[in-house]
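# Notes for the structure review
This is what each chain is made of:
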Amino acid sequence: RMDFSKGIPSEARTLAIVPTMITSTEKIEDLVEALEVRFLANRDDNLHFGLLTDFQDASEETLPEDGPPLLLARQRIEELNEKYRNAKGDTFFLFHRPRIWNARERVWMGYERKRGKLEQFNSRLRGGAQTAFSDIIGDVSILGSIRYVITLDTDTQLPRDAARTLIGNLAH
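Notes on the structure follow. These numbers were taken from a predicted model, which means no experiment stands behind them.

## Points about the packing of aromatic side chains
- Inspection of the entire model under this criterion finds 9 aromatic pairs.
- Judged by centre distance (6.1 Å) and plane angle (50 degrees), the ring pair of Tyr84 and Phe92 falls under tilted.
- Exposure remark for Phe92: the relative accessible area of 0% places this residue in the buried category.
- Seen from their ring centres, Phe95 and Phe121 are 5.0 Å apart, and the 70 degrees between their planes marks the pair as edge-to-face.

Printed below as a string of structure tokens:
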């Protein structure tokens, strides 16, 4: 493996992403706090963090209760970017997908749920899926330079400097 203990090089720029569902404002607060903790334990100019979200399944494309949690997620990600301003661009991102109609399940939902989120996100990084996300917070100009993606579950920790070790293994 490569030794990135002194920092992740720009050619190994990485985004640690958490695929999840937006269910409440309380959950948003927890998700953003956990994202900040992961960042604080793994600070590096070439390591970025994001939430990859959509709403729970519903009988309609949009629900009145969708707005407040999504607005809060947008605000919290913007606040993190302001708090930890980086000369090389934004550190934190939100990628949110709208519900689409699933005729087979007869419900409005995020396309293919978790697997679909990751598939569309990776496609977006490669220049595709330009319309898959209805809301993107963060400076997307760096997305083309993302080399690796670390996918974390909402309850997965990222211990101190663990990202550098993982990325060093990937780069090898």
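## Points about the environment of Lys27
- Inspection of the secondary structure assignment puts Lys27 in helix α1 (residues 25–41).
- Sequence spacing of Lys27 and Ala73 is 46 residues, and the spatial spacing of their C-alpha atoms is 9.6 Å.
- Those residues in contact with Lys27 that lie beyond four places of it in its chain are Thr20 and Met21.

## Considering helix α2 (residues 67–83)
- Its 17 residues place the ends of α2 24 Å apart at the C-alpha level, agreeing with the 24 Å of an ideal helix rising 1.5 Å per residue.
- Considered for burial, the residues of α2 that qualify are Pro69, Leu70, Leu72, Ala73, Ile77, Leu80 and Asn81.
- Those residues of α2 hidden inside the fold are in contact with β1 (14–22), α1, β2 (47–55), β3 (92–97) and β6 (135–137).

## Notes on the sheet that holds β3
- Reading across from one edge, β6-β3-β2-β1-β7 is the order of the 5 strands in this open sheet, with mixed pairing throughout. Two strands in the sheet have a free side with no partner beyond their single neighbour: β6 and β7 (148–151). Each strand of the sheet is rotated relative to its neighbour by a mean of 20 degrees, with strand direction disregarded.
- One ladder, built from 3 bridges, connects β3 with β6; its direction is antiparallel. Each bridged residue has a counterpart across the sheet, and for His96 the counterpart in β6 is Asp135.
- Strands β1, β2 and β3 of the sheet are contacted by α1, whose axis makes an angle of about 165 degrees with β2.
- Here α2 sits on the sheet in contact with β1, β2, β3 and β6, set at roughly 160 degrees to β3.

## What about α1?
- The first and last C-alpha atoms of α1 sit 25 Å apart over 17 residues, in line with the 24 Å expected at 1.5 Å per residue.
- Within α1 the residues assigned to the buried category are Ile28, Leu31, Val32, Leu35, Glu36, Arg38, Phe39 and Ala41.
- In this structure, the buried residues of α1 make contact with β1, β2, α2 and β3.

Rules used throughout
Residues numbered from 1 in each chain as written. Predicted model: local features only at pLDDT ≥ 70, side-chain atom pairs only at ≥ 80, totals over all residues. Heavy atoms only, no water. Phe/Tyr/Trp six-rings, centres within 6.5 Å; stacked < 30°, edge-to-face > 60°. Buried < 20%, exposed > 50% of the residue type's maximum accessible area, 1.4 Å probe, protein only. Helix = DSSP H or I, 4+ residues; strand = E, 2+ residues; numbered from the N terminus. Contact = heavy atoms within 4.5 Å. Expected span 1.5 Å × (residues − 1). Pairing = 2+ DSSP bridges. Axes fitted to C-alpha atoms, helices over the stretch in contact; angles between N-to-C directions.

Read these as spatial facts, not as claims about activity.
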